[in-house]
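# Structural features, examined
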Amino acid sequence: MINLKLSKFDIDCVQSISEVLQFLSGKWTFLVITELLKEPQRFNQLRRNLGNVNTKGLTDTLRSLEEHQMIKRTVFPTVPVTVEYSITEKGSAFSAIFKEINRWKHEWESWTPSSSSSKES
């Protein structure tokens, strides 16, 4: 086992990442966020746009994201009731993380162990 001495910053960073990943680890979470970054959507519209998501999986994901204030659920008093989901300011701020992940992926996608010396310089 490797014994690493971590600074307080490193410990805080790892703990923060772990906490965020706890509620973002759902199978559909990232896809739901990306769909709602495009525009507010109703449940069935979201389900169609996601493809093969099942109702329970989508419901659980939406509840978790709402609980963590990443999305907002708006109920309209119509018959039948209309519910729309939209991204919150907090959820919208997460798009910067998506962009950074995308940048990292493109920077490293062609990396192989034999090319590691060129990336390290």
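Residues numbered from 1 in each chain as written. Predicted model: local features only at pLDDT ≥ 70, side-chain atom pairs only at ≥ 80, totals over all residues. Heavy atoms only, no water.

### Some points on the sheet that holds strand 3 (residues 82–87)
Strand pairing in a sheet takes place through backbone hydrogen bonds and is either antiparallel or parallel in direction. What counts is decided by this rule: Strand pairing is assigned whenever DSSP detects at least two bridges linking the two strands. To qualify as a helix, a DSSP run of H or I must reach at least 4 residues; to qualify as a strand, a run of E must reach at least 2; elements of each kind are numbered from the N terminus.
Strand order in the open sheet made by the 3 strands is 1-3-2, with antiparallel pairing throughout. Each edge of the open sheet is held by one strand with a lone partner, namely strand 1 (41–42) and strand 2 (71–76). Across 6 bridges, strand 2 lies against strand 3 in antiparallel orientation. In the strand pairing of strand 3, V75 is matched with V83.

### So, helix 2 (residues 29–38)
Which entries qualify depends on this criterion: Three labels apply to residues, based on accessible area from a 1.4 Å probe with only protein chains included: buried if under 20% of the type maximum, exposed if over 50%, partly exposed otherwise in between. What the arc describes is the spread of directions from the helix axis to the C-beta atoms.
Regarding helix 2, the residues found buried are T29, V32, I33, E35 and L36. Angular distribution of buried residues about the axis of helix 2 spans 165 degrees; they occupy a single face of the element.

### Topic: the side chain of T29
Basically, it comes down to this: Should any heavy atoms of two residues lie within 4.5 Å, those residues are counted as being in contact.
Relative to the helices and strands, T29 resides in helix 2. For T29, a relative accessible area of 3% translates into the label buried. Sequence-distant contacts of T29, that is, excluding residues within four places in its chain, are made with F23, L24, T61 and L65.

In short, the description is geometric, and any link to function would need to be established separately.
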